[in-house]
Amino acid sequence: MKVGVCIKSTPDTDTRIKIQGAGEGIDPAGIKWIISPYDSFALEQGAQTREKLGGECVLFSVGGGDTQKNLRDGLAVGADRAVQIDDPALKGADSLVTARVLAAAIKAEGIEIVFTGRQAIDLDNVQVPAMVAELLDWPHVSMVSEFALEGDTWTAVRNVGGGAREKVTGKLPVLVTTDRGLNTPRFAKLPDIMKAKTKKVDVKTASALGLSADDISPAVQLSGFGTPAERSKGKFISGDVATQAKELVRLLREEAKVL
Amino acid sequence: MSGILVLAEHEGGKFKKTAYELLGKAKELAGSLGTSVAAVVLGDAPVAELGGFGASKVYHVAGDFSGYNTLKVVRGLQAAIDAAKPDVVLAPASYTGKDAIPRLVARLGTGQGSECTELRVDGGAVVGRRPVYAGKALVDVRISKKPAVFTVRPNSFNQPTPAGGSAEVVAVSAAFGASDDRVQLVQRMEAESTVADLTEAERIVSGGRSLKSAEQFDAVVRPLAAALGATPGASRAAVDAGYAHHNEQVGQTGKTVNPQLYIALGISGAIQHLAGSRTSKVIFAINKDAEAPIFEHATYGVVADLFEIAPLLTEEFKAALKN
Ligand SMILES: Cc1cc2nc3c(=O)[nH]c(=O)nc-3n(C[C@H](O)[C@H](O)[C@H](O)COP(=O)(O)OP(=O)(O)OC[C@H]3O[C@@H](n4cnc5c(N)ncnc54)[C@H](O)[C@@H]3O)c2cc1C
Ligand SMILES: Nc1ncnc2c1ncn2[C@@H]1O[C@H](COP(=O)(O)O)[C@@H](O)[C@H]1O
């Protein structure tokens, strides 16, 4: 089985975000870049699939900076090698451009199943995976919390909102986006971290994957980065608990008008 | 046509709240653009009603959409877009909005702004504004290709009141093929609770690690939520400790919520928790530590032992909501 896993480097969850200049972007200084948390479930699922069925697990990531370091961390979890697409021409890439790049790389490797995170926690776009699947002309299943593969038939449970879940099935190839609950990501052990250093990371450009200038021209422009308005200072409610409870209900009803 | 096309989602024979929210906003945007609003409806629903909310046309895609099938949804929406040729498409950031819309966008070769909380007209085009980096920043999203697609976070816009007006219903048939049946539904497992999903809930009561056990979570958080008709939520610490289900986690790696009222019981207010809840209109926090960071974001705060005050609140809410 040739398994693919897409991971993205995103700012650590407790990073302070500072706006650059007059709102052109965010200031990269001091940001620690981690593997987007949902992608850890995809990594774990990819590693388990490869362990069970043999073959190869290949990681894919589009990005520069700490991307390669994060790919090494991913390799320590059990993948065999990685493909990094690092290209200055991709600066300003939107989700569809990123998806075109990933789809081209996945196709070139002859991958049969792909796991991705349900969303990257930087922009919370929830776009790239479904786009990759469309470009590959594969079906996709989103927000999966249970997954099984028997021969070329897979079964998945997806969280469809409203607390409802659906069990769905189909044949390979398929792209699966992973949700919490799917598995418990392992911590890499020291020998695996050492071994990951010797695994191969191919660095490619978009044009090496056969993408044209048109393919990598984005339709989405981001501007006017700003910080949210501070919430006005709140009120402490005093008194004993019985008074506090009564007063709160009054405030919610008469002042905040939310009851 | 070249106006705004709204995906009006429905369930159990009724349109979802987001359908009205989006139509109301679309009408306002279309007013400043000098264009019109249409809706797209997949499958059986009371389509005529949408005229009263500003849709001049309803593109009604026939077919069985009762079991959710991504590929059929995309095919249906594609057919409606072929017929309507809109400049702008608005859809809710629901499961469909997250699962099918990006696939549609790839098929159309255009661009998408996700989870917008504001939409405005600027320079003759619709621009979306949305939280990014877990709500620590906001950004404008412009899309240079057509149709420009935006998904909108539920509860971002007011519910319009219906006015007179009727919509022309345009029947659209989609070219479904065998390839649209590549994913088959085996079984649907309905939600155990009858309350709204966290992402759509207007009231949420969340509990943290301080609840100390699943039993106490059930005995304290859930009754308080029930008294308010609210959806229960939890911090990651509470989920990791097994007090609540992982579907109930609010935060950066849980659900992003946007309620009118968010009650946090014994939650410290870590940045990752606030990431999912900071756009709540009113936040009420109970914590025994007056220095807890949650109080910096709370509209109202009470320094108290939650085990003492929560049962009293449950009774107060029950009484208050009875009349
Ligand atoms: C990558 C990453 C992702 C994360 N994602 C999320 C996420 O999505 N959601 C999330 O919630 N967290 C997330 N976290 C975890 C987050 O950092 C915090 O650890 C977590 O939110 C703490 O939960 P808590 O407030 O319940 O617990 P604690 O921080 O332990 O706080 C408990 C609070 O309860 C108060 N308390 C205790 N007893 C009582 C009592 N009897 N009455 C009143 N108050 C009492 C205490 O004063 C304290 O403030 C993430 C962390 C990381 C690293
Ligand atoms: N630049 C990227 N490189 C590799 N994978 C990505 C990239 N961007 C997004 N993905 C994958 O797509 C998922 C969803 O991302 P997004 O659509 O940006 O929310 C992520 O969790 C990754 O698995």
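Every value quoted in this text rests on a predicted model; they were computed, and no experiment measured them. Think of each chain on its own: its residues are numbered from 1, step by step along the sequence as written. Going through the entries in the order they are written, you letter the chains from A and number the ligands from 1. At least 70 in pLDDT is required for a residue's local features to be given in this predicted model, at least 80 for side-chain atom pairs to be given and counted, and no such filter applies to totals for whole chains, interfaces and linings, which use all residues. Remark: hydrogens and water are excluded; side-chain values derive from all non-hydrogen atoms of the structure.

### Topic: the interface of chain B and chain A
Right, on to step 1. Residue contacts are counted whenever heavy atoms from the two residues lie within 4.5 Å of one another. The interface of chain B with chain A comprises 85 residues on the first partner and 80 residues on the second.
Right, on to step 2. Summed over both partners, buried area is the accessible surface (1.4 Å probe) that two parts give up on being assembled. Carbon and sulfur atoms make up 55% of the surface buried where chain B meets chain A, a total of about 7,300 Å² over both sides.
Right, on to step 3. Contact with chain A buries area across many residues of chain B, yet Tyr95, Tyr133 and Tyr300 of chain B alone supply 11% of it, more than any other trio.
Right, on to step 4. Every case where a carboxyl oxygen of Asp or Glu lies within 4 Å of a side-chain nitrogen of Lys or Arg is listed as a salt bridge. Joining chain B to chain A, the criterion identifies six salt bridges.

### Some remarks on the site of ligand 2
All names here are of chain A.
Right, on to step 1. For each residue, the test is whether any non-hydrogen atom lies within 4 Å of the molecule or strand; if one does, the residue is near. With respect to spatial proximity, 18 residues lie near ligand 2, and among them Cys6, Asp39, Val126, Gln127 and Val128 are the closest.
Right, on to step 2. Side-chain atoms alone can form a polar contact between residues adjacent in sequence; in general such a contact is a pair of N or O atoms within 3.5 Å, and within protein one must be able to donate a hydrogen while the other accepts it. At 2.8 Å, a backbone N or O of cysteine 6 approaches an oxygen atom of ligand 2.
Right, on to step 3. Within the complex, the protein chains bury 98% of what would otherwise be the 480 Å² of accessible surface of ligand 2.
Right, on to step 4. A helix here means a DSSP run of H or I that spans at least four residues, while a strand means a run of E at least two residues long, and both kinds are numbered starting from the N terminus. Elements supplying a minimum of two residues to the shell around ligand 2: strand 6 (56–62), helix 3 (95–108), strand 8 (113–117) and helix 4 (128–136).
Right, on to step 5. Looking at which element gives the most residues to the shell around ligand 2, the answer is strand 6, with three residues.
Right, on to step 6. Gly falls in the polar group here, along with every residue not listed as nonpolar (Ala, Val, Leu, Ile, Met, Phe, Trp, Tyr, Cys, Pro) or charged (Asp, Glu, Lys, Arg). Per-class residue counts for the shell around ligand 2 are nine nonpolar, seven polar and two charged. Residue exposure ignores everything except the shown protein chains as possible cover, and the areas themselves are Shrake-Rupley values with a 1.4 Å probe.

### A short note on the site of ligand 1
Right, on to step 1. For ligand 1, the set of nearby residues contains 26 residues, the closest of which are Arg209, Ser235, Thr253, Gln272 and Asn287 of chain B.
Right, on to step 2. Each of chains A and B places residues next to ligand 1.
Right, on to step 3. At 2.8 Å, a side-chain N or O of histidine 273 of chain B approaches an oxygen atom of ligand 1.
Right, on to step 4. Alone, ligand 1 offers 990 Å² of accessible surface; in the complex the protein occludes 80% of this.
Right, on to step 5. Elements represented by at least two residues in the shell around ligand 1 include exactly helix 6 (236–240), helix 7 (271–277) and helix 8 (306–322) of chain B.
Right, on to step 6. Residues belonging to the shell around ligand 1 are distributed by class as follows: seven nonpolar, 14 polar and five charged.

### Overview of the packing of helix 6 (residues 241–255) of chain A against helix 8 of chain B
Right, on to step 1. Comment: axis = line fitted to C-alpha atoms, over the contacting stretch for helices; angle = value between 0 and 180 degrees taken between N-to-C directions. Direction vectors running N to C along helix 6 of chain A and helix 8 of chain B enclose 40°, while the axes themselves pass 9 Å from each other. By the angle class used here, helix 6 of chain A and helix 8 of chain B are oblique. Classified by chirality, the crossing of helix 8 of chain B by helix 6 of chain A is right-handed. Listed contacts from helix 8 of chain B to Val241, Ala242, Gln244, Ala245, Lys246, Leu248, Val249, Leu252 and Arg253 of chain A of helix 6 of chain A are Glu308, Ile309, Leu312, Leu313, Glu316, Phe317 and Ala320 of chain B. Every angle not falling under 35 degrees, over 145, or within 65 to 115 is termed oblique; those three ranges are roughly parallel, roughly antiparallel and roughly perpendicular. A clockwise turn of the near helix away from the far one marks a right-handed crossing, whereas an anticlockwise turn of less than a right angle marks a left-handed crossing.

### Thoughts on the sheet that holds strand 7 (residues 81–85) of chain A
Right, on to step 1. In short, DSSP must find at least two bridges between two strands for them to pair. Strand order across the open sheet formed by ten strands is 13(A)-7(A)-6(A)-1(A)-8(A)-12(A)-9(A)-10(A)-11(A)-13(B), with mixed pairing between neighbours. This sheet does not close on itself; its edge strands, each paired only once, are strand 13 (201–204) of chain A together with strand 13 (184–189) of chain B. Averaged over all adjacent pairs, the angle separating strand axes in this sheet is 25°, with direction ignored.
Right, on to step 2. As paired elements, strand 9 (residues 140–150) of chain A and strand 12 (residues 174–178) of chain A share three bridges and run parallel to each other. In the sheet register, valine 141 of chain A faces strand 12 of chain A, and the bridge partner there is valine 176 of chain A.

### Notes on the state of the cysteines
Residue and element names in this part refer to chain A.
Right, on to step 1. The rule for a disulfide is simple: a pair of cysteine sulfur atoms within 2.5 Å. What the rule picks out here adds up to zero disulfides over all chains.
Right, on to step 2. Of all cysteine sulfurs in the structure, the one in cysteine 6 sits closest to cysteine 57, which takes part in no disulfide; the separation is 10 Å.
Right, on to step 3. With relative accessibility at 1%, the residue cysteine 57 sits in the buried group. Residue exposure (1.4 Å probe, protein chains only): buried if accessible area is under 20% of the type maximum, exposed if over 50%, otherwise partly exposed.

### Focus: the pairing of strand 18 (residues 300–303) of chain B
Right, on to step 1. Across two bridges, strand 15 (residues 235–236) of chain A lies against strand 18 of chain B in parallel orientation. Bridging across to strand 18 of chain B, lysine 235 of chain A finds its partner in tyrosine 300 of chain B.
Right, on to step 2. Two elements, strand 17 (residues 282–287) of chain B and strand 18 of chain B, share four bridges in a ladder whose sense is parallel. Looking at the pairing, asparagine 287 of chain B lines up with valine 303 of chain B of strand 18 of chain B.

### As for the domain arrangement of chain A
Right, on to step 1. Source of the domain bounds: an automatic or database domain assignment. By domain assignment, chain A separates into domain 1 (2–209) and domain 2 (231–259).
Right, on to step 2. The centre of domain 1 of chain A, based on its C-alpha atoms, is set 45 Å off from the matching centre of domain 2 of chain A.

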